[in-house]
Amino acid sequence: MSDIPSQPPADPAADQPIKQVNQRGAARLAAVQALYQMDVGGTGVLEIVAEYEAHRLGQEVDGETYLKADASWFRSIVAGVVRDQRTLDPLIGTALQDDWALSRQDSTVRAILRAGTFELVERKDVPVAVIVTEYVEIAKAFFAEDEPKLVNAVLDRIARTIRTDVKK
């Protein structure tokens, strides 16, 4: 009887801290949504950032709860894409197939590619694999098949031309 423990063994998973929501990932998703909204509706950067920070990031909207996001990461992406769009779009254009100009892409795909390219250019402190994976996952949230593959291929091509931390 003394060999039988008085309590069941502890569940090792229960002792692990609860993983916090990926706040940068949530910021990336919100940035793509904001860029899409700007592209389709012609909303300005200051207005869109203020709207998202006040009413969307970590808030409930129409019964949907937005994830808590890193607001400064969100601002950085949205403002950076707007500021650098004239240099980002040609980078994306050269990575697309000849017959698929950026202007022919769906607005959501354009927003994903611009945000991902911005991070590849500006955020040298973030590994390429993290950036590409995050934006492919965002594409999968909106599209089923071809678009996530396109996002993966284009961001990978861009990374190989502008980043030194990519395996060739």
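Predicted model only: the values in this text are computed from it and were never measured.

Trainee: Let's hear about the overall build of the protein chain: which residues, and what values?
Mentor: Helix and strand counts for the protein chain stand at six helices and two strands. When the elements of the protein chain are put in sequence order from the N terminus, they spell out α-α-β-β-α-α-α-α. Split into buried and exposed, the 168 residues of the protein chain put 38% on the buried side. In the protein chain, once contacts between residues fewer than 6 apart in sequence are set aside, the share between residues at least 24 apart is 67%. Carbon together with sulfur atoms contributes 52% to the accessible area of the protein chain, which is approximately 10,200 Å² in total.

Trainee: A description of the pattern of salt bridges should follow, citing residues and the corresponding values.
Mentor: The full count for this structure, using the stated rule, is eight salt bridges. Salt-bridge contacts for Arg 28 lead to Glu 134; the nearest nitrogen and oxygen are separated by 3.7 Å. Taken together, the residues span a long stretch of sequence, with Arg 28 in helix H1 (residues 23-41) and Glu 134 in helix H5 (residues 128-142) at a distance of 106 residues. Comparing Arg 28 with Glu 134 shows no difference in burial state: the two are buried. The residue Arg 160 makes a salt bridge to Asp 156 at a minimum N-O spacing of 2.8 Å. Remark: Asp 156 and Arg 160 occur in helix H6 (residues 146-162); sequence separation between them is four residues, near one turn of the helix. With relative accessibility at 32%, the residue Arg 160 sits in the partly exposed group. By relative accessible area, Asp 156 is classed as partly exposed at 25%.

Trainee: I'd like a rundown of the nonpolar core, residues and numbers included.
Mentor: Judged by nonpolar contacts, the single largest core of 44 residues is most densely connected at Phe 74, Ile 77, Val 78, Leu 113, Tyr 135 and Val 151. For this core, the secondary-structure elements that each account for two or more residues are H1, helix H2 (45-55), helix H3 (71-95), helix H4 (107-122), H5 and H6. Setting aside its immediate chain neighbours within four residues, Leu 113 contacts Ile 92, Leu 102, Val 151, Val 154 and Leu 155.

Trainee: I'd love a proper account of the packing of H1 against H4, names of residues and values included.
Mentor: Contact geometry of H1 with H4 gives a least axis separation of 8 Å together with a crossing angle of 125°. Here H1 lies oblique to H4, going by the angle between them. At the point where H1 passes H4, the crossing takes the right-handed sense. Counted together, Arg 28, Val 32, Leu 35, Tyr 36, Asp 39 and Val 40 of H1 and Ser 107, Thr 108, Arg 110, Ala 111, Ile 112, Ala 115 and Glu 119 of H4 form the full contact between these two elements. For the contact of H1 with H4, the class distribution of residues is seven nonpolar, two polar and four charged.

Trainee: I'd like a rundown of the packing of aromatic side chains, residues and numbers included.
Mentor: Counted under the stated rule, the structure contains zero aromatic pairs. Looking at Arg 24, its charged tip hangs above the ring of Trp 73, at a distance of 3.8 Å from the centre.

Rules used throughout
Residues numbered from 1 in each chain as written. Predicted model: local features only at pLDDT ≥ 70, side-chain atom pairs only at ≥ 80, totals over all residues. Heavy atoms only, no water. Helix = DSSP H or I, 4+ residues; strand = E, 2+ residues; numbered from the N terminus. Buried < 20%, exposed > 50% of the residue type's maximum accessible area, 1.4 Å probe, protein only. Contact = heavy atoms within 4.5 Å. Areas by Shrake-Rupley, 256 points an atom, 1.4 Å probe, with all protein chains shown as cover. Salt bridge = Lys/Arg side-chain N within 4 Å of Asp/Glu carboxyl O. Core = buried A, V, L, I, M, F, W, Y, C linked by side-chain atoms within 4.5 Å. Axes fitted to C-alpha atoms, helices over the stretch in contact; angles between N-to-C directions. Parallel < 35°, antiparallel > 145°, perpendicular 65-115°, else oblique. Left-handed = near helix turned anticlockwise from the far one by under 90°. Nonpolar A, V, L, I, M, F, W, Y, C, P; charged D, E, K, R; others polar. Phe/Tyr/Trp six-rings, centres within 6.5 Å; stacked < 30°, edge-to-face > 60°. Lys NZ or Arg CZ within 6 Å of the ring centre and 35° of its normal.

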